[in-house]
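# Coordinate inspection notes
Listed here are the chains, written in short residue letters.
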Amino acid sequence: MLYLCGMLVVKNIKKLIQIETSPRPLVKGEAMDILPSLDNAYLLVEDGKFKDFGPMEQCPEIPDSEVIDASNRMVLPSWCDSHTHLVYAGSRDGEFVDRIKGLSYQEIANRGGGILNSAKRLQATPEDVLLEQARKRLDEVIRFGTGAIEMKSGYGLTLESEMKILRVIRQLKSETAATVKSTFLGAHSVPAAYRANRKAYVDLVVNEMLPRVADEQLADYIDVFCEKVAFSVDETIRIMEAGAKYGLKPKIHTNQFNCMGGIQASVEHGAISVDHLEVLNQEEIDCLKGSDTMPCLLPSAPFFINDHYPPAREIIDGGLPVALATDYNPGTTPSGRMSFVLSLACIKMKMTPNEAINAATINGARAMELESSHGSIAKGKVANFFITKEIPSLAYIPYSFGSDLVESVFLQGKCV
Ligand code: NIG
Ligand code: FE
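Each value, and the rule that gives it
- Residues numbered from 1 in each chain as written.
- Chains lettered and ligands numbered in written order.
- Predicted model: local features only at pLDDT ≥ 70, side-chain atom pairs only at ≥ 80, totals over all residues.
- Heavy atoms only, no water.
- Donors = N, O, S within 2.8 Å, 3.2 Å for Na, K, Ca; no water.
- Helix = DSSP H or I, 4+ residues; strand = E, 2+ residues; numbered from the N terminus.
- Buried < 20%, exposed > 50% of the residue type's maximum accessible area, 1.4 Å probe, protein only.
- Pairing = 2+ DSSP bridges.
- Patch = residues over 30% accessible without salt bridge, like charges linked within 9 Å, V, L, I, M, F, W, Y side chains within 5 Å.
- Areas by Shrake-Rupley, 256 points an atom, 1.4 Å probe, with all protein chains shown as cover.
- Salt bridge = Lys/Arg side-chain N within 4 Å of Asp/Glu carboxyl O.
- Core = buried A, V, L, I, M, F, W, Y, C linked by side-chain atoms within 4.5 Å.
- Domains from an automatic or database assignment.
- Contact = heavy atoms within 4.5 Å.
- Phe/Tyr/Trp six-rings, centres within 6.5 Å; stacked < 30°, edge-to-face > 60°.
- Lys NZ or Arg CZ within 6 Å of the ring centre and 35° of its normal.

### Observations regarding the coordination of the iron ion (ligand 2)
At 2.1 to 2.2 Å from the iron ion (ligand 2) lie its protein donor atoms, namely His83 (NE2), His85 (NE2), His253 (NE2) and Asp327 (OD). Read N to C, the donor residues that coordinate the iron ion (ligand 2) are spaced as H-x1-H-x167-H-x73-D. Of this pair, His83 sits in the loop between β6 (79–81) and α1 (93–100) while His253 sits in strand β10 (residues 249–254), placing them 170 residues apart in sequence. Under the relative-accessibility criterion, His83 is labelled buried at 0%. Overall, His253 belongs to the buried group, its relative accessible area being 2%.

### Here we look at the pairing of strand β3 (residues 49–55)
By the bridge criterion, six bridges tie strand β2 (residues 37–46) to β3 in an arrangement that is antiparallel. From the neighbouring strand, Val45 faces β3, where its bridge partner is Phe50. Connecting β2 to the antiparallel partner β3 that follows it, the hairpin turn spans two residues, and Asp47 within it adopts a positive phi of roughly 50°.

### Observations regarding a nonpolar patch on the surface
A surface patch of nonpolar side chains, amounting to about 270 Å² of accessible area, comprises Phe96, Val97 and Ile100. For Ile100, the position within the fold is in helix α1.

### Regarding the nonpolar core
Judged by nonpolar contacts, the single largest core of 100 residues is most densely connected at Leu86, Val87, Met151, Leu172, Phe184, Leu324 and Met351. Each of domain 1 (8–77 + 374–415) and domain 2 (80–366) accounts for three or more of the residues forming this core. Those residues in contact with Leu324, other than ones at most four positions away along the chain, are Cys80, Leu297, Pro299, Met338, Val341, Ala345, Met349, Met351, Ala356, Ala359 and Ala360. Grouped together as the second largest cluster of nonpolar side chains are 18 residues, Ile19, Ala383, Phe385 and Ile387 included.

### A word on the sheet that holds strand β11 (residues 273–276)
For sheets, the rule is that strands pair by backbone hydrogen bonds, running either parallel or antiparallel. Strands sit in the order β6-β7-β8-β9-β10-β11-β12-β13 across an open sheet of eight strands; the sheet is parallel. In this open sheet, the two edge strands, each paired with only one partner strand, are β6 and β13 (323–324). In the sheet, strand β8 (residues 179–187) pairs with strand β9 (residues 221–226) via three bridges, with the strands oriented parallel. Pairing of Thr183 across the sheet is with Tyr221, part of β9.

### Concerning the packing of aromatic side chains
In the structure shown here, the tally under the stated rule is ten aromatic pairs. Geometrically, the ring pair formed by Tyr396 and Tyr399 is tilted, given 5.3 Å between the ring centres and 45° between the ring planes. Placement of the pair is Tyr396 and Tyr399 together in helix α15 (residues 396–399), with a separation of three residues, close to one helical turn. Members of the aromatic cluster, connected to one another through ring pairs, are Phe50, Phe385 and Phe410. The lysine or arginine in question, Arg337, covers the ring of Phe144, its NZ or CZ lying 4.2 Å from the ring centre.

Laid out in structure tokens, this is it:
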């Protein structure tokens, strides 16, 4: 019998999900429906990393270890939420009511609501208040099972306010046990004062915001909202190329409402991911096939604004990978609950539970370049995982869409 010390042992796990002996960078096509799992398993954690796992009959005796009995419960790697706008001020429930009464999301945006409404609030919100609001949201999504998360700026739209958001993200990064990636999205919307001179705003993003962001090392990625209601493909290209000079790879909002070449431009510029894809044509699917760019789908957004869902089946059946993320933001997704995203993926996009879990773990990690340390239960990876409540099957997770099935959460091997 092997004896080890100072470890956490999770025993009698009904099903240990998303295990890997030789970690894969991502899963795509038919492989997305395969989810490597082990019934009646144990899991060992040491120094914040996964140490080992195996069938219960081979579970080692470990003196002085902390033991958790997970009978009737499953263990999953934490969700990897690769697209959020978690740092925002207040809410937009007024626009929610306007939409119920008949206005569309794009009509509200064209009237100066939408992102500009959130920007006005954020500009008037002191940094400590913004931090407090964002911290509460982060604590909540961690309780929902998220262990790695990307956060964007984009509700500042002035040099100082964009910096304010990115500093809040940096602060959250430094204090949380979750893994945080930061994205500069100065080009989220053209502020009203620049409507007659859009170029001046892109100049501001490229010549003033970006150098400061890079100088203070506040961002891991650069994003642009490439859409008729926001920035053109040419503007997007200019911003991606400017970001590249500072080593910032793109993760691009595109194809939420229009197919206008955003995917082709993003792929050409080596984007880590293209996000939204509610509208997507065959040419764009073919373009993605020849690339390493991850298609990232955000089904809570069309759910909330009553739009149509991305064609996940066409993407996966075309042999591509898919990542799922929340898009947590005040306008289209005031929710950071990954399990609800999984339910929508299954119910509205016909993804299988296995595909949805792969999309929310290993492929989500890939969409943040965290695939070698997150997204699965593998020796040496960061021990971010959660134990479910008693559940009958894996499919029960997306099936029970309103329930909270996370019983306990572990980040870097510690219960939070
Ligand atoms: O990803 N589409 C652009 N940005 C956000 C929503 C912005 C807002 O309405 O506040 C999104 O859905
Ligand atoms: Fe978004």
